[in-house]
Amino acid sequence: MLSRTAADLYWMSRYMERAENLARMLDVSYSLSLMPQDGRDGLDELAMPLLITGTMEDYRARHGELDAKRMLHFFALDESNVASLYNCMAAARSNAHAVRGRITSDMWENLNAFWLEMRDIAAQGLDRYGISRFCEWVKQCSHLFRGATVGTLMRSDAYRFIRLGTFVERADNTLRLLDARYELLGEDSDDPNDASARAYYQWSALLRALSAFEAFAEIYRGSPRAGKVAELLLLNPEVPRSLRACLTELQQILASLTGDNGRPAQRLAAELEAGLRYTSIDEVLETGMHAWIAEHIERVNQLGHAIQQSYLEVA
Amino acid sequence: MKMYDEMYDEHGDCRPHYRAFAEWLAQTPKELLAQRQREADLLFHRAGITFTLYGDKQGTERLIPFDTIPRSIPAREWRTIEAGCIQRVQALNLFLADIYHEQRILKAGVIPPEQVLANEGYQLAMSGLDLHRGIYAHIAGVDLVRDGDGTFYVLEDNLRTPSGVSYMLEDRKMMMRLFPELFASQRIAPIGHYPNLLLEALKSSSPLDNPSVVVLTPGRFNSAYFEHAFLAREMGVELVEGADLFVRDERVFMRTTAGAKPVDVIYRRLDDAFLDPLAFNPDSMLGVPGLLAAYRSGNVVLANAIGTGVADDKSIYPYVTDMIRFYLDEEPILQNVPTWQCRKPQDLSHVLAHLPELVVKETQGSGGYGMLVGPAASQAEIESFRERLKARPEAYIAQPTLSLSTCPTFVESGIAPRHIDLRPFVLSGRETRLVPGGLTRVALREGSLVVNSSQGGGTKDTWIVED
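Per an unreviewed UniProt entry, chain A goes by the name Alpha-E domain-containing protein and belongs to Azotobacter bryophylli.

This is how it looks when you write it as structure tokens:
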């Protein structure tokens, strides 16, 4: 397959996955911001998605004060914010447009229809559309697109590069979401078995945002706490949004790609996956959650680079 | 002016090949038709079957308006058109081979040599180069119009990178989806195998047994990008941009995830000037450095060949009927529109004296840009065109304003006649052939004769109906 085509497919699915994750991020923050808390009208919560995506400075530069409505718009629909959900979908659609001959018409038509609807939503504004409804809608778009991909696309390299994009992006997002929530809980989080009401709602919201609430309940049968939530989201092989699950997929896909210029990426993925397989949550906590996550964000990032260099830019 | 309507004869009676459709139309409630029309627009929009206008900074994607009333041609009439197109394209290919080799037609005095050799489209790089099967225009679009008496005339030949075939195919798919019952009640010749024929023509243009074929596009911001992607997908070949290709040791390769892979045939939808920055326009970011050298070594086929533009130039157009007589020793089956060549003083004075009645075109223009439609132009437009004409007479030709035939079309006020043309696509490989039909373009504005999509034209499905 053409390297440029592979790059477009890879980025199409990364952006689509990112859009979904941004919606999940927004969803958890928005629902937590509605809860009675520190008397700041949930502004800290609403600022969280901006902090996670590293767009807070940009927001400050343009809008100054934290303002609920402005932050929501900036994060979700602002055309001038390159990292907004709106632009994420625009990028996914533009990548898909470049390779529309290589994806099925079901995939293309789905994505194009989302894009057309996104523009309608942007035109009417988030207030009128409803924030929760918007988050649901984005998730549904992503589900539908993935469904069309899995259900209609031939299992060739095109499919593999699409899946690579999905899991690289997802691994990164799960790490960042967990990290941010851990940071926000502040000193509470020093005790991994902290069970205060605030922590309960925080961790539940995170689990729900990652569609892992049911899994947690089934496995642990108790209230969510930092240590267990981290174990589930980092190390559990069966939770589809966990770091471990993403790495297992990545490692298998990379091993199945044709050609032999992918050695560096294959090796990185295999090392990472094996590391997770034999790591226990106690070791993670010993290292310190934040330090451990920061290191893994960096390693997933390196894997992304290796994929880029091995397949998407080759001469 | 006498006008030919495709559906009704001069007494207002429905022509036989339209009868089944007319009956269906009479029985079908208007609301249903309007609803289907909206459905078609929605489907086209969803599928992203769009084009972009040049000069539109936002690169807005537009729909080409699709009209649900088909343009229908009886099969026996089609057979004449088909034979005429094949004859014409064969002669044009022979002409191209000739002017880049012996130049017999120039020596015989049929065409003034300076008309060919000084033409912008004439590429010295092609002289003496032997092409497999001697084919230059593998894909040609022949634009036909029907005059008041019902005769078809060739308006122009498109031998560079003619576009529109994807609309021909999508329009048919849409009609079959919206109105399947119409296809059950009469025999309409199928056209869906066009991509197959195209791939065969491209493969047979290479001496190799199973050459690797690609479609080369300028990229997704090109107005016809949809078509490039469409054809690549339908043929199952790679859609590449210039940056995906590179030349090593005069061979062309594409960059793939598994390393470099050789390329043997390039169906290029890129103008000559952009193909190779080393040989042509050095600023071109779209082309492939070294491509011309690889081409001249015979290591890669370009379809269409470089330098075909000299044969579809409007200043060469008047000679095509002579080419047919010269190379094939046959009488032309399809007629040319009578043409005044403004470079000739006596023609120019005639044109200047009759501007309000004539259509004046740039010899190098295409897409309906840079032309004057006398009867539709204001006095001021005519006067400004007169100045341009006097300044560079050799850049223009003029033709009588044909009364393009009309076909009933959905417009805001209901169903009304609108002017149409026809572009069949002729493929040359092992043999010269075409699928039964072509792209029918319709000028949606009342009275307008300009059917180009860039000027607000729409399209219709084109039916060849068996008697």
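Peer 1: Hey, could you go over the overall build of chain B for me, with residue numbers and the actual values?
Peer 2: If you tally the helices and strands in chain B, you get 14 helices and 23 strands. Its C-alpha atoms give chain B a radius of gyration of 22 Å, within 12% of the compact-globule value 23 Å for 467 residues. In terms of overall dimensions, chain B has C-alpha extents of about 65 × 60 × 45 Å along its principal axes. For chain B, the proportion of its 467 residues judged to be buried stands at 47%.

Peer 1: Let's hear about the domain arrangement of chain A: which residues, and what values?
Peer 2: Residue and element names in this part refer to chain A. Domain boundaries in chain A define domain 1 (1–153) and domain 2 (154–315). Centre-to-centre, using C-alpha coordinates, domain 1 lies 20 Å away from domain 2. The interface of domain 1 with domain 2 comprises 26 residues on the first partner and 28 residues on the second. Going through the elements one at a time, α1 (3–33) and α2 (43–52) are the ones with two or more residues in the side of domain 1 that touches domain 2. Per element, the largest residue contribution to the side of domain 1 that touches domain 2 is 18 residues, and it comes from α1.

Peer 1: Which residues make up the interface of chain B and chain A, and what are the values?
Peer 2: Taken together, the contacts link 19 residues of chain B with 21 residues of chain A. Mapped onto the side of chain B that touches chain A, the elements with two or more residues apiece are α2 (30–47), α9 (225–235), β7 (238–240) and β9 (251–256) of chain B. In terms of residue class, the side of chain B that touches chain A is made up of eight nonpolar, four polar and seven charged.

Peer 1: Can you break down the domain arrangement of chain B residue by residue, with the values?
Peer 2: Along its sequence, chain B is carved into domain 1 (193–303) and domain 2 (338–401). Summarising the inter-unit geometry, the C-alpha centres of domain 1 of chain B and domain 2 of chain B are found 37 Å apart.

Peer 1: Give me the sheet that holds strand β10 (residues 259–262) of chain B: which residues, what numbers.
Peer 2: Residues and elements named next belong to chain B. Read from one edge of the open sheet, three strands run β8-β9-β10, paired in antiparallel fashion. This sheet does not close on itself; its edge strands, each paired only once, are β8 (245–248) and β10. Strand-to-strand twist across the sheet, computed as the mean angle between neighbouring axes with direction ignored, equals 40 degrees. By the bridge criterion, four bridges tie β8 to β9 in an arrangement that is antiparallel.

Thresholds applied
- Residues numbered from 1 in each chain as written.
- Chains lettered and ligands numbered in written order.
- Predicted model: local features only at pLDDT ≥ 70, side-chain atom pairs only at ≥ 80, totals over all residues.
- Helix = DSSP H or I, 4+ residues; strand = E, 2+ residues; numbered from the N terminus.
- Rg over C-alpha atoms; globule rule 2.2 N^0.38 Å.
- Buried ≥ 20, exposed ≤ 12 C-beta atoms within 10 Å, placed from the backbone.
- Domains from an automatic or database assignment.
- Contact = placed C-beta atoms within 7 Å.
- Nonpolar A, V, L, I, M, F, W, Y, C, P; charged D, E, K, R; others polar.
- Pairing = 2+ DSSP bridges.
- Axes fitted to C-alpha atoms, helices over the stretch in contact; angles between N-to-C directions.

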